[in-house]
Amino acid sequence: MNVNVLIVFYSRYGNTRLLADAIAEGAQQAGADVRVRRVADLAPENIMRQDQDWWSARAQMSELYSEPTDEDLLWADAIVIGCPTRFGSPPAELKLFLDKLGPLWFQGKLVDKVGSAFVTTGTVHGGNEMTVHSLLTTMMHFGMIIVPPGYADTSMFAAGAPYGASAVTGPESDKPPTEVDLAAARFQGKRTAERALMLKIGKASLTSG
Ligand SMILES: Cc1cc2nc3c(=O)[nH]c(=O)nc-3n(C[C@H](O)[C@H](O)[C@H](O)COP(=O)(O)O)c2cc1C
C-alpha cells in the first residue's frame, strides 16, 4: 500500500522552503509519494519588487512549486504545513490558505488525515513554538491526527524541536537552516509518512474485516 504526503509551505526568502524540501526527502525515504506546494504571495507586486531578495526567491520558488489545490488535499493521507513566523503567528499568506479550507472542513474531508507542522523564525525565541502550535490547532479543528516529531530520534535531541522542525534564520536569508535543522526535518517527514501508512493499513484492515 502506498502513502501520499502533501507538504504545503509559505516562504518569502527561501528558508522555510529548505525545511519543506528536507521533509519531502524524509517522506520519500519512507517510500511515500510526495507533493510539495507553495502558497502564493499576497503583497502587491510593487512592494515585493522593492525587496530584491524577496523578488528573486519568489521567482525561483514559483518555478519549482505550484500552489496547493483541493485535489492535492483530497489526495493526501498526510499533510505537513510550514511557514515563517510573523509577529509570533503564521503569515497572512498561509492563513488565507487555511481559511479557504472551510468547505473541505465542513464536509469532513480532512478528518483522520495525519497532520504535522514546521516553522522558521528570525530569532531564537521569536515565536517558533507559538506558530507551530497555531498550525496544529487548526489541524485539530479539521479532525486530523497530529504526529509531531517529538524526541523520537537522536536527531531530535540535537535539534530540540519536538513540536515540529524549526530553524532560526536571521532576518532574511543570512543564516539558512543548519544540517541539524534539516536532519530533524527529514526525520519528521519520515515519521509522518510511516505513521500515515500505519493508519491507512489499519483503516483498510478494519473496513475489510
Ligand atoms: C513582517 C515580518 C514579521 C516577522 N516576525 C517575526 C517574529 O515575530 N519573530 C521572529 O523570530 N522572526 C520574525 N520574522 C522573521 C522571519 O520569520 C524569518 O526571517 C523567517 O525565517 C523567514 O522565512 P522565509 O525565508 O521562509 O521567508 C518576521 C519577518 C517579517 C518579514
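Residues numbered from 1 in each chain as written. Predicted model: local features only at pLDDT ≥ 70, side-chain atom pairs only at ≥ 80, totals over all residues.

Draft legend 1. Quick peek at the nonpolar core. The biggest cluster of nonpolar side chains holds 53 residues, and the ones touching the most others in it are V5, I7, L19, I23, A78 and F118. Ranked by the residues each element gives to this core, the list is headed by helix α9 (residues 179-208), at eight residues. Excluding anything up to four places from it in sequence, A78 contacts V3, V5, K113, V114, T192, A193 and A196. (Core = buried A, V, L, I, M, F, W, Y, C linked by C-beta atoms within 7 Å. Buried ≥ 20, exposed ≤ 12 C-beta atoms within 10 Å, placed from the backbone. Helix = DSSP H or I, 4+ residues; strand = E, 2+ residues; numbered from the N terminus. Contact = placed C-beta atoms within 7 Å.)

Draft legend 2. Inspection of the site of the ligand at higher detail. Around the ligand, the surrounding shell holds 20 residues, and the nearest of these are Y13, T16, P84, G122 and G126. When residues of the shell around the ligand are traced back to their parent elements, those giving at least two are α1 (15-29) and β4 (114-121). (Near = placed C-beta within 6 Å.)

Draft legend 3. Inspection of the pairing of β4 at higher detail. With respect to burial, β4 is a largely interior element, eight of its eight residues being buried. By the alternation rule, side chains of β4 split into V114, S116, F118 and T120 and G115, A117, V119 and T121, which are all buried. In this sheet, β4 lies alongside strand β3 (residues 78-84) in parallel orientation, the contact comprising seven bridges. For A78, the partnering residue across the bridge sits in β4 and is V114. One ladder, built from two bridges, connects β4 with strand β5 (residues 145-146); its direction is parallel. By the bridge assignment, V114 is partnered in β5 with I145. (Pairing = 2+ DSSP bridges.)

Draft legend 4. Seen up close, unusual backbone geometry. Phi is positive for F87, close to 55 degrees, though the residue is something other than glycine. When the 9 C-beta atoms within 10 Å are taken as the criterion, F87 is described as exposed. At D112, a position not held by glycine, the phi torsion is positive, near 70 degrees.

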